[in-house]
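# Survey of secondary and tertiary structure
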Amino acid sequence: MVLVSQLIGALLGLLAVVFGAFGAHLLKKLFTVDQLNSFETGVKYQMYHALVILMLSFNFNLESSLEKNMMFCFIIGTFLFSFSIYGLCISAAKGKKLKILGPITPLGGLFLVIGWGLLLYHFIKNFI
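Residues numbered from 1 in each chain as written. Predicted model: local features only at pLDDT ≥ 70, side-chain atom pairs only at ≥ 80, totals over all residues. Heavy atoms only, no water.

### Let's talk about the overall build of the protein chain
Put simply, the test is: Secondary structure elements are taken from DSSP: a helix is a run of H or I of four residues or more, a strand is a run of E of two residues or more, and numbering for both begins at the N terminus. Type-normalised accessible area, obtained with a 1.4 Å probe on protein chains alone, sets the label of each residue: buried when under 20%, exposed when over 50%, and partly exposed for intermediate values. Areas reported as accessible are Shrake-Rupley estimates using a 1.4 Å probe. Residue values count occlusion only from the protein chains shown. In this tally, Asp and Glu contribute negative charge and Lys and Arg positive charge; neither His nor the terminal groups of the chain are included. Charge positions are represented by NZ for Lys, CZ for Arg, CG for Asp and CD for Glu.
Helix and strand counts for the protein chain stand at four helices and zero strands. Moving toward the C terminus, one meets the helices and strands of the protein chain in the order α-α-α-α. Considered along the principal axes of its C-alpha atoms, the protein chain spans approximately 50 × 25 × 20 Å. Within the protein chain, the proportion of its 128 residues that are buried is 39%. Working note: accessible area of the protein chain is about 7,700 Å², and carbon and sulfur atoms make up 73% of it. Each charge sign in the protein chain was given a centre, from 9 positive and 4 negative side chains, and these centres are 14 Å apart.

Written out as structure tokens, the structure reads:
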């Protein structure tokens, strides 16, 4: 689980840089200001959580169910949140907004919140 998390964290980080450059240079001409801001939000959250995934994978054994569930929440949440934003922005720019992606973004956000909550619970549990 540690190696898989490290690979996913590194891949998400790499893709965040690529998508950030893609958004800053190529999509600037196609997107409205609001679409560009949304796209950048997806990139930022993807990079933040790629770093969180990497830090946790280097500091935790990821053997307990709590640690595994925390990692799954961060990975699934990052994918759902950021990639649904990318899909919404790109499809809207092409004039065929994929409305099915709209509810996926907050679902991804919920997974991220749960991941952070599990991390907080992990720290509190070990503190007490």
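That shown, we press on.
### A look at helix H2 (residues 33-59)
Inclusion rule: The span expected for a helix works out to 1.5 Å for each residue beyond the first. Whether two residues are in contact is decided by their heavy atoms: any pair within 4.5 Å suffices.
Here H2 contains 27 residues, and its C-alpha end-to-end distance of 39 Å stays within 8% of the 39 Å for a straight helix at 1.5 Å per residue. Along H2, the residues classified as buried are Gln-35, Leu-36, Phe-39, Gly-42, Val-43, Gln-46, His-49, Ala-50, Val-52, Ile-53, Leu-56 and Ser-57. Elements that come into contact with the buried residues of H2 comprise helix H1 (2-25), helix H3 (65-93) and helix H4 (104-127).

### Focus on the nonpolar core
Basically, it comes down to this: What makes a nonpolar core is a set of buried Ala, Val, Leu, Ile, Met, Phe, Trp, Tyr and Cys residues whose side-chain atoms join them at distances within 4.5 Å.
Phe-39, Leu-56 and Phe-74 are the most contacted members of the largest nonpolar core, which totals 24 residues. Elements supplying a minimum of two residues to this core: H1, H2, H3 and H4. It is H3 that contributes the most residues to this core, eight residues altogether.

### Describing H3
Along its 29 residues, H3 runs 41 Å from first to last C-alpha, staying within 8% of the 42 Å computed at 1.5 Å per residue. At the C-terminal side of H3, Gly-95 shows a positive phi close to 85 degrees.

### Here we look at the side chain of Ser-91
With respect to the helices, strands and loops of the structure, Ser-91 is situated in helix H3. Since its relative accessible area comes to 8%, Ser-91 is described here as buried. The residues contacting Ser-91, other than those within four sequence positions of it, are Lys-96, Lys-97 and Leu-98.

### Remarks on a nonpolar patch on the surface
Filter applied, for reference: Residues forming no salt bridge and having over 30% relative accessible area are the ones grouped into patches, like charges within 9 Å of each other and nonpolar side chains (Val, Leu, Ile, Met, Phe, Trp, Tyr) within 5 Å. Definition used for salt bridges: Asp or Glu carboxyl oxygen within 4 Å of a side-chain nitrogen of Lys or Arg.
Where nonpolar side chains cluster on the molecular surface, the patch consists of Leu-120, Ile-124, Phe-127 and Ile-128 and spans about 530 Å² of accessible area. Mapped onto the elements, Ile-124 comes out in helix H4. On the basis of relative accessibility, which here comes to 41%, the residue Ile-124 falls in the partly exposed class.

### What about the packing of H2 against H4?
Note the cut-off: Helix axes are fitted to C-alpha atoms over the stretch in contact, other axes to C-alpha atoms as well, and angles between N-to-C directions run from 0 to 180 degrees. Two helices that cross are described as forming a left-handed crossing if the nearer one is turned anticlockwise from the farther one by less than a right angle, and a right-handed crossing if clockwise. Charged means Asp, Glu, Lys or Arg here, nonpolar means Ala, Val, Leu, Ile, Met, Phe, Trp, Tyr, Cys or Pro, and polar covers whatever is left, Gly included.
Where H2 meets H4, the closest approach of the two axes is 13 Å, and the angle between their N-to-C directions is 35 degrees. In this structure, H2 crosses over H4, and the sense of that crossing is left-handed. Of the residues in H4, those in contact with Tyr-45, His-49, Val-52 and Leu-56 of H2 are Leu-112, Trp-116 and Leu-119. Tallied by class, the residues present in the contact of H2 with H4 amount to six nonpolar, one polar and no charged.

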